[in-house]
There are 4 protein chains.
Amino acid sequence: MTFKINPEIKLAIKREDVESTKVKVRDVLVGGEKIVVIAGPCSVESREQLLSIARSVKASGASMLRGGAFKPRTLPYSFQGLGLDGLKLLAEARDETGLPVVTEVMAPEDVVVVEEYADVLQIGARNMQNFPLLKRVGEASRPVMLKRGISATIEEWLSSAEYVLAEGNEDVIMCERGIRTFEKLTRFTLDLTAVPLLKELSHLPVIVDPSHGTGVRALVMPMAKASVAAGADGLLVEVHPRPEEAKSDGEQSLRPNEFQSLIEDLRPLALAVGRTL
Amino acid sequence: MTFKINPEIKLAIKREDVESTKVKVRDVLVGGEKIVVIAGPCSVESREQLLSIARSVKASGASMLRGGAFKPRTLPYSFQGLGLDGLKLLAEARDETGLPVVTEVMAPEDVVVVEEYADVLQIGARNMQNFPLLKRVGEASRPVMLKRGISATIEEWLSSAEYVLAEGNEDVIMCERGIRTFEKLTRFTLDLTAVPLLKELSHLPVIVDPSHGTGVRALVMPMAKASVAAGADGLLVEVHPRPEEAKSDGEQSLRPNEFQSLIEDLRPLALAVGRTL
Amino acid sequence: MTFKINPEIKLAIKREDVESTKVKVRDVLVGGEKIVVIAGPCSVESREQLLSIARSVKASGASMLRGGAFKPRTLPYSFQGLGLDGLKLLAEARDETGLPVVTEVMAPEDVVVVEEYADVLQIGARNMQNFPLLKRVGEASRPVMLKRGISATIEEWLSSAEYVLAEGNEDVIMCERGIRTFEKLTRFTLDLTAVPLLKELSHLPVIVDPSHGTGVRALVMPMAKASVAAGADGLLVEVHPRPEEAKSDGEQSLRPNEFQSLIEDLRPLALAVGRTL
Amino acid sequence: MTFKINPEIKLAIKREDVESTKVKVRDVLVGGEKIVVIAGPCSVESREQLLSIARSVKASGASMLRGGAFKPRTLPYSFQGLGLDGLKLLAEARDETGLPVVTEVMAPEDVVVVEEYADVLQIGARNMQNFPLLKRVGEASRPVMLKRGISATIEEWLSSAEYVLAEGNEDVIMCERGIRTFEKLTRFTLDLTAVPLLKELSHLPVIVDPSHGTGVRALVMPMAKASVAAGADGLLVEVHPRPEEAKSDGEQSLRPNEFQSLIEDLRPLALAVGRTL
């Protein structure tokens, strides 16, 4: 291998005898030929908001629904999510649209309830090295989407995946979502090189979140395209019908018609790299 | 104020009518005239190791004992700490030496047991934005030492303190322990400017961890001195009788005689900035 | 505009009444429909080496030839380039292949000689804020390729372009080549978001250097694809017949057959984003 | 040695048989027992401004005078310094006060004139890897003060010193002035660990610039103290009689009475670490 990596990382690393991992989420396969688009609001805000977005992204061609019920917020006074009510709304949206649901879990003691309602357990960037949480989702019955910490090296990210895998949960999806640098015009610096680098090092599927990764609506589309060209297995995209009224992250959310354009523009690109969408 | 900071941060911010916070830990005052030196091993490894270090740092002039019982480790296969047994050893060492004990708590469900044995609950750098944990220690009966995340801005760090304060726990000690940069010769880049910056912005006491902040034994002494000169209220220093045999962080641990020299060298410096030690 | 940028930057910024700049280099247009691939060795090492690479990249479909005659090297003892002899070899290679030549100029007093032999004057990352040099190439008769400094913000990069434009040279090509972060597995972190960001902010063409941007041969291909998908107007790629013998940057140079594959793989992708190659 | 450093760096590195370098600037010794304070305005703006500051800092106890005649500015439209007229004013101020003069040189062709008027040639952070300039000052008859690039590793910084030393100029003073990180409340992050690290690795004297390193007046004093405690051989401090009217960097300049307090507060600290001031 070209890259020097801690040899104690075993389960997350590519091996001759191991096929690349395809994570099955209901009838959706992450890591297969088809590029998986996971779309939805940053936060679940209300029944109307969620169902409207879910129907819309389903119609546009999304494969899964995202939405936050437990929200990690920098300040204690910010909207913290609807919690259990949000989870129930996500399940309702899935039941209506058929889209499997991805949502974040923030504490070990919440895993039981989140896995009851959600299809994929998201570990947020701030919790990438929350080891008790990693161990707990390693015992869960659902796939885990592991976001990269904002200043985590690739090696540390793979080490955190190792925590989940070592507990017996083989279904880990890696999600690049931007790292912190000195650049001020974007919220984070999306590190797309992480995609081919992980493909060299690991058998795990890799998706990209260009919404958090840039923080700017106008940059989501080009960086989504770049992600697909770089070899990503999927995308995580924030969609909101009225971004200016969103309770969180409005400035990076696509409007439904912009999301539809995104999907349409990505299709020929996916074909050009031998994938479908 | 010279600095632009989110005005929603209220409790952590200096106010005309609020005195600077002095955190009382048994008979030790953090944030007073006397600079508080907290010393001990990275990990509690055995009864002999801990008691020997505790006696030694007490004799040299340390004010508190540090030691990890629950250890956050990058890989699941590394030594994860002695857990409850480690807590009991820490309590035993306190009972013998009179040194109050600082130790890390990593999960909300562990707070009950850690506060039973320890005097200060340490929130590690990786958990600075573990909000369920911050809320939980905000309800605890012990002071909290909040380490800065390795890529946290000062504003984010104060926002995390706000989580603890908002739950009613007024005893928060801020601990600068180095941030992640491109520099490779040191483990982290100790951001000492954080000390006077926090003193401008906040009423909370600030200490510095030059052991993690540099990762190199030879740099601990000069950076400890620089911390005191910059206005730090205390130091967190790793000490180990045989660093080359330490289960974690040996290369940055001082030997007992080096720790003694550190204390001796710091005394005149403390006087020169109007403090004692 | 979505982005807050210093309003004193005038000439480098997009304006309603200004078309996007197309830089003409002999018969090659940078910033037009066709994506421009600039290929060649890191350093000009010998007549045989350069001519062999020039013929090969020409045959594979490159539009311009790159090669360093004046080499900025971290240490004074490293190979510093062939200087004037290197420039003459580049001119000879152009005369034979018809490929216009891009090469770096490091000092104001060298501009005269470099513009005599080369078609595009490259300002390297280390000189992005070498203002006397920027002013001098602003007076030159050749287009300027301005590489981004390894820790330059987009705003600073545009400000440096402003130096060149303000002297009257309208032909500036921006080149993203990676920024410095904490990540250790790659040489730099390629900031592809810079491409659509510059397209939003500026009328200048933007190209990407995935060779320096990653420092790893296996990552050049996927990141070249991602660059095209992100909207880049061109690519700067290092090619060497025997990378293991290269005097500089061998580990990131493509072999001629790998370069041929790159071109072939990029063609359908260019079409998918409405460009040619 | 504890630190792994490129073994090709020879002249800048500490050796058993080489004493630590003391750079003699007229009658001032940099690297000796006495801590050298270099003070003055960011830019030379006028005869009155410069002479008034020079007299004032001399009276307060400064050892050398700083002031920019050639100013590296991000934008071409900003005040670029008085050039030759500024140099003449600096020489006049030295003649009157006896303070040797430190000023920046930005281009190889300016070295002749700058060394005619100034006593120390400053290489600014942006030019730390301007190799033609480094070679040229390596041939100069004056000591060189080499500022660290804002994203330069210690190894790269020493490599740049090697360029100067390799040309035969043995008098190099290293100046830490802050590195670029994600922190937004300060202009740069002052990396004080660089001081003891260089003392371990090199025989060259090291000074610190807390003015640029923080960018905030209120932080200059505590970081100056911390620099001395960390082992710095000197300080570079910006002083301006009316900072709010300064043509550059006003917000980080001390007023004359603040500079006087700085000197007074530093004295006991210098004594506490075995130095004078």
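To start, this report covers the structure provided alongside it. In this text the structure is predicted, and so the values were computed from the model without any measurement.

### Brief notes about the overall build of chain A
Broken down by element type, chain A carries nine helices and ten strands. Whereas a compact globule of 277 residues would reach a radius of gyration of roughly 19 Å, chain A reaches 17 Å, a difference of no more than 12%. Evaluated residue by residue, chain A yields a buried proportion of 69% over its 277 residues. Pairs at least 24 apart in sequence give 70% of the contacts found in chain A among residues at least 6 apart. Carbon and sulfur atoms make up 46% of the accessible area of chain A, which amounts to about 9,000 Å² in all. If the 34 positive side-chain charges of chain A are averaged to one point and the 39 negative ones to another, these points end up 2 Å apart.

### Some thoughts on the relation of the copies chain B and chain D
For the pair chain B and chain D, the superposition axis carries a translation of 0.0 Å, the fit reaches an RMSD of 0.0 Å, and the rotation angle comes to 180 degrees. As the rotation angle and translation indicate, the two copies are arranged about a two-fold axis. For chain B, the smallest separation between a C-alpha atom and the rotation axis is recorded for Ala-226 of chain B, amounting to 2.1 Å. Most of the interface of chain B is mirrored in chain D: 100% of its interface residues are interface residues there too.

### A closer look at the interface of chain C and chain D
Contacts between the two partners involve 33 residues from chain C and, on the opposite side, 32 residues from chain D. Each partner contributes to the roughly 2,700 Å² buried at the junction of chain C and chain D, and carbon and sulfur atoms together form 54% of this total. The largest share of the area that chain C buries against chain D comes from Leu-75, Tyr-77 and Arg-180 of chain C, three residues that together contribute 20% of it. The interface formed by chain C and chain D holds two salt bridges in total.

### So, the relation of the copies chain C and chain D
Mapping chain C onto chain D calls for a rotation angle of 180 degrees and an axial translation of 0.0 Å; the resulting RMSD is 0.0 Å. Most of the interface of chain C is mirrored in chain D, where 97% of its interface residues again form contacts.

### Let's talk about the side chain of His-240 of chain A
Residues and elements named next belong to chain A. Relative to the assigned elements, His-240 resides in the loop between strand E10 (234-238) and helix H9 (256-272). Among the polar contacts made by the side chain of His-240, one reaches the side chain of Glu-45 at a distance of 3.3 Å. Ignoring sequence-local partners within four residues, the contact set of His-240 consists of Glu-45, Gln-49, Ile-53, Ala-246, Ser-253, Leu-254, Arg-255 and Pro-256.

### Describing the interface of chain B and chain D
Tallying the contact residues gives 40 residues for chain B and 40 residues for chain D. Looking only at chain B, the three residues that lose the most surface to chain D are Phe-182, Leu-185 and Thr-193 of chain B, adding up to 21% of its buried area. Summed over the shared surface of chain B and chain D, the result is two salt bridges. Ionic pairing is found between Glu-183 of chain D and Arg-148 of chain B, a salt bridge with its closest N-O pair at 3.2 Å. At the junction of chain B and chain D, the tally comes to four residue pairs in polar contact (both at pLDDT 80 or more). Among the elements of the structure, helix H6 (194-201), helix H8 (217-230) and helix H9 (256-272) of chain B are those that each provide at least two residues to the side of chain B that touches chain D.

### Quick word on the pairing of strand E5 (residues 101-104) of chain D
Residues and elements named next belong to chain D. Here E5 shows no split at all, with Val-101 and Thr-103 on one side and Val-102 and Glu-104 on the other all buried. Relative to E5, strand E4 (residues 64-66) is paired through two bridges, and the arrangement is parallel. Within E5, the residue paired with Arg-66 across the bridge is Val-102. Crossover connection from E4 via helix H2 (residues 84-97) to parallel E5: handedness right-handed. In this sheet, strand E6 (residues 120-123) lies alongside E5 in parallel orientation, the contact comprising three bridges. Its bridge partner lying in E6, Val-102 is registered against Val-120. Taking the sense of rotation as the criterion, the β-α-β connection linking E5, helix H3 (residues 111-117) and E6 turns out right-handed.

### Observations regarding unusual backbone geometry
With phi around 60 degrees, Asp-249 of chain C is a residue other than glycine that occupies positive phi space. Within the secondary structure, Asp-249 of chain C sits in the loop between strand E10 (234-238) and helix H9 (256-272).

### Some details on the sheet that holds E6 of chain D
All names here are of chain D. The eight strands lie next to each other as E3-E4-E5-E6-E7-E8-E9-E10, forming a closed barrel whose pairing is parallel. Each strand axis lies, on average, 25 degrees off the axis of its neighbour in the sheet, ignoring direction. Here E6 pairs with strand E7 (residues 144-147) via three bridges, running parallel. Considered in E7, the bridge of Gln-122 is made with Met-145.

Procedures and definitions
- Residues numbered from 1 in each chain as written.
- Chains lettered and ligands numbered in written order.
- Predicted model: local features only at pLDDT ≥ 70, side-chain atom pairs only at ≥ 80, totals over all residues.
- Heavy atoms only, no water.
- Helix = DSSP H or I, 4+ residues; strand = E, 2+ residues; numbered from the N terminus.
- Rg over C-alpha atoms; globule rule 2.2 N^0.38 Å.
- Buried < 20%, exposed > 50% of the residue type's maximum accessible area, 1.4 Å probe, protein only.
- Contact = heavy atoms within 4.5 Å.
- Areas by Shrake-Rupley, 256 points an atom, 1.4 Å probe, with all protein chains shown as cover.
- Lys, Arg positive; Asp, Glu negative; His and termini not counted.
- Charge placed at Lys NZ, Arg CZ, Asp CG, Glu CD.
- Least-squares fit on C-alpha atoms with pLDDT ≥ 70 in both.
- Buried area = accessible area lost by both parts, 1.4 Å probe.
- Salt bridge = Lys/Arg side-chain N within 4 Å of Asp/Glu carboxyl O.
- Polar contact = N/O pair within 3.5 Å; in protein donor to acceptor, adjacent residues only side chain to side chain.
- Pairing = 2+ DSSP bridges.
- Right-handed = clockwise from strand over helix to strand, strands pointing away.
- Axes fitted to C-alpha atoms, helices over the stretch in contact; angles between N-to-C directions.

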